[in-house]
Amino acid sequence: MTEALFQFIWQHSLYQVTDLKTTDGEQLTIVHPGKLNKDAGPDFLEARIKIGKTILVGNVELHLKSSDWLRHGHQHDLSYHNLALHVVYDNDVDGVAINTPVLVLDGKIPAHVIGKYDVLMQAGNQLPCSDQHKQVRSITKEGWLTRLLAERWEHKLSDWNVMLENSAEDWRNLLYWRMAANFGFKTNATPFLLLAQSIPLNVLGRHRENLMQIEALLFGQAGMLNASFMDDYPEKLQDEYSYLRKKYKLSPISAHLWKFLRMRPANFPTVRIAQFAMLIHKSEHLFSQIIETHSIKEIEPLLDVTASDYWIDHFMFDELQTGPGPKSLGKSSIQNIIINTIAPIQFLYASRQGAASLREHSLNLLEAVPAEKNNITALWADNGWTANNAAQSQALIQLYNNYCSARRCLECTVGLNIIRQAT
Ligand code: SF4
């Protein structure tokens, strides 16, 4: 028995709930166990307890041993006076909580509850419930995935809210920064974001119709034009950048921030910057288009960009490669941007506007995108839980990273359902 498991058992009433008596022999019924308190003070607040014919509403403190009351010094703490109930697993010392009825749960907890918890905690594989989660009903799992997605977005969007405040509530700017970070994908998200933050959006806007100037600004600010080149194209970019840099008093980021190692050439940041330049060049009013559009068929063409002609046979400046062809963003990258930028920004915008139907649209958008394929979704699929769409794959990633890896099975709906099933 651990404290966490004991709290879990109390919270979900996983003990024998009939014929309960206090240590003084009075009949006891738990009408409501109370709300789990994660702050200082008693473990559960506002519980409803019936002792004899009297209903008490108050707080409940749990301990594995009654003597823990003294060990924790509760006798000196006013917030532990006048509790509704002291619940212990083992009543090793009588009468520690003055004027507080005591319930002892040793012998009242079914063996399967502890047994199933032990199996989850001791499983040696990456997914401790790989064998048992199939017993849990699909509807229960789907409801849990919906809550996990909300949790994932809540965490992600709290950072975005800060960014929005830092950009004077300019949604176009937020989209520009987040889109840039997304073009860096996992490996180059940070330098891409720094790059975007180093060039005001209105500067790019002034040069939007001239692709070479957009590229000059982006490659120059990325620190990638600070070299001697053989090809005409980077030399022209250098000339443009040298003029624009002085004009707008810009300072480039360090070229050392960019990572090329172990990447497929098609994902090199040089190629991604050229694609991002094309997105800026071809998009007018991108933010309003993105906020107003809720079908994949309409969003995909907005993001379907191809790097300029120089990149047809280059992945790097001055390194000619015959045969690779035009560098389009590609369907899976577009889907990645819908999942990680478009749907969340639509959701945030709808939430800030208080528009519930728009929020629904952003979730529907995610459900229309195929599930992501990565190590985590493959692990779930190998263990019999396949995501049907991107909303579910995002939720399964959240579940694995934040619950399964940390063995937080007691805080997981799947874990609760496994532990409470008798077979
Ligand atoms: S956290 Fe939930 S889904 Fe993950 S292993 Fe534990 S019970 Fe299973």
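1. Let's talk about the overall build of the chain
Thought 1: For the chain, the count of helices and strands is 17 helices and nine strands.
Thought 2: Over its C-alpha trace the chain gives a radius of gyration of 29 Å, far above what one expects of a compact globule, namely 22 Å for 423 residues.
Thought 3: Principal-axis analysis of the C-alpha atoms places the extent of the chain at approximately 90 × 45 × 40 Å.
Thought 4: Summed over all atoms, the accessible surface of the chain reaches about 21000 Å², with 50% contributed by carbon and sulfur.

2. Some points on the site of the ligand
Thought 1: Neighbouring the ligand are the residues Pro128, Cys129, Trp380, Leu399, Tyr403, Cys404, Cys409, Cys412 and Gly415.
Thought 2: Residues belonging to the shell around the ligand are distributed by class as follows: eight nonpolar, one polar and no charged.

3. Points about the packing of helix 13 (residues 331-353) against helix 14 (residues 356-367)
Thought 1: Two elements in contact, helix 13 and helix 14, have axes separated by 8 Å at closest approach and are oriented at 170°. As far as their axial angle goes, helix 14 and helix 13 are roughly antiparallel. For the crossing formed where helix 13 meets helix 14, the hand is left-handed. Each of Ile338, Ile339, Ile342, Ala343, Gln346, Phe347, Ala350 and Ser351 in helix 13 lies in contact with helix 14, whose residues at this interface are Leu358, Arg359, Ser362, Leu363, Leu365 and Leu366.

4. Describing the pattern of salt bridges
Thought 1: The tally for this structure, following the rule as stated, stands at nine salt bridges.
Thought 2: Two residues, Lys65 and Asp90, come together in a salt bridge whose shortest N-O distance is 3.6 Å. One end of the pair, Lys65, is in strand 5 (residues 54-65); the other, Asp90, is in strand 6 (residues 85-90), with 25 residues separating them in the sequence.
Thought 3: On the basis of relative accessibility, which here comes to 39%, the residue Lys65 falls in the partly exposed class.
Thought 4: A salt bridge links Arg71 to Asp68; its shortest N-O distance comes to 3.1 Å. Of the two residues, Arg71 and Asp68 both sit in helix 2 (residues 68-71), three residues apart, roughly one turn of that helix.
Thought 5: Classification of Arg71 as exposed rests on a relative accessible area of 61%.
Thought 6: Relative accessible area serves as the criterion here: at 6%, Asp68 is assigned to the buried category.

5. Details of the packing of helix 5 (residues 171-183) against helix 6 (residues 185-198)
Thought 1: Relative to each other, helix 5 and helix 6 sit at 145°, their axes nearing to 6 Å. Handedness of the crossing formed by helix 5 with helix 6: right-handed. Contact residues: Tyr176, Trp177, Arg178, Ala180, Ala181, Asn182 and Phe183 in helix 5; Phe185, Ala189, Phe192, Leu193, Ala196 and Gln197 in helix 6.

6. Focus: helix 6
Thought 1: Counted at 1.5 Å a residue, the expected span for helix 6 with its 14 residues is 20 Å, and the 19 Å between its end C-alpha atoms agrees.
Thought 2: The sharpest bend along helix 6 comes to roughly 35°, located at Pro191.
Thought 3: The inward-facing, buried residues of helix 6 abut helix 4 (138-166), helix 5, helix 8 (211-221) and helix 10 (269-282).

7. Regarding the packing of aromatic side chains
Thought 1: Scanning the model with the defined rule gives 25 aromatic pairs in all.
Thought 2: Ring geometry for Trp69 against Tyr80: centres 6.1 Å apart, planes inclined by 85°, an arrangement best described as edge-to-face. With a gap of eleven residues between them, Trp69 in helix 2 and Tyr80 in the loop between helix 2 and strand 6 connect regions that are remote in the sequence. Considered together, Trp69 and Tyr80 belong to a single accessibility category, that of buried residues.
Thought 3: Geometrically, the ring pair formed by Trp144 and Tyr403 is edge-to-face, given 5.4 Å between the ring centres and 75° between the ring planes. Of this pair, Trp144 sits in helix 4 while Tyr403 sits in helix 16 (residues 390-404), placing them 259 residues apart in sequence. The exposure classification of Trp144 matches that of Tyr403, with both residues buried.
Thought 4: Each member of the aromatic cluster is reached from another via a ring pair, and the members are Phe219, Phe229, Tyr233, Tyr310, Trp311 and Phe317.

8. Describing helix 17 (residues 413-420)
Thought 1: With seven of eight residues buried, helix 17 is to be regarded as a mostly interior element.
Thought 2: Taken together, the buried positions of helix 17 are Thr413, Val414, Gly415, Leu416, Asn417, Ile418 and Ile419.

9. Remarks on the domain arrangement of the chain
Thought 1: Looking at the chain, the domain boundaries give domain 1 (3-109) and domain 2 (188-286 + 297-342).
Thought 2: Inter-centroid distance (C-alpha atoms) of domain 1 to domain 2 is 62 Å.

10. Points about a nonpolar patch on the surface
Thought 1: Together, Val31, Ile55 and Val57 line one region of the surface with nonpolar side chains, adding up to about 260 Å² of accessible area.
Thought 2: By secondary structure assignment, the location of Val57 is in strand 5.

What counts and what doesn't
Residues numbered from 1 in each chain as written. Predicted model: local features only at pLDDT ≥ 70, side-chain atom pairs only at ≥ 80, totals over all residues. Heavy atoms only, no water. Helix = DSSP H or I, 4+ residues; strand = E, 2+ residues; numbered from the N terminus. Rg over C-alpha atoms; globule rule 2.2 N^0.38 Å. Areas by Shrake-Rupley, 256 points an atom, 1.4 Å probe, with all protein chains shown as cover. Near = heavy atom within 4 Å. Nonpolar A, V, L, I, M, F, W, Y, C, P; charged D, E, K, R; others polar. Axes fitted to C-alpha atoms, helices over the stretch in contact; angles between N-to-C directions. Parallel < 35°, antiparallel > 145°, perpendicular 65-115°, else oblique. Left-handed = near helix turned anticlockwise from the far one by under 90°. Contact = heavy atoms within 4.5 Å. Salt bridge = Lys/Arg side-chain N within 4 Å of Asp/Glu carboxyl O. Buried < 20%, exposed > 50% of the residue type's maximum accessible area, 1.4 Å probe, protein only. Expected span 1.5 Å × (residues − 1). Bend = angle between axes of the 7 residues up to and from the residue. Phe/Tyr/Trp six-rings, centres within 6.5 Å; stacked < 30°, edge-to-face > 60°. Domains from an automatic or database assignment. Patch = residues over 30% accessible without salt bridge, like charges linked within 9 Å, V, L, I, M, F, W, Y side chains within 5 Å.

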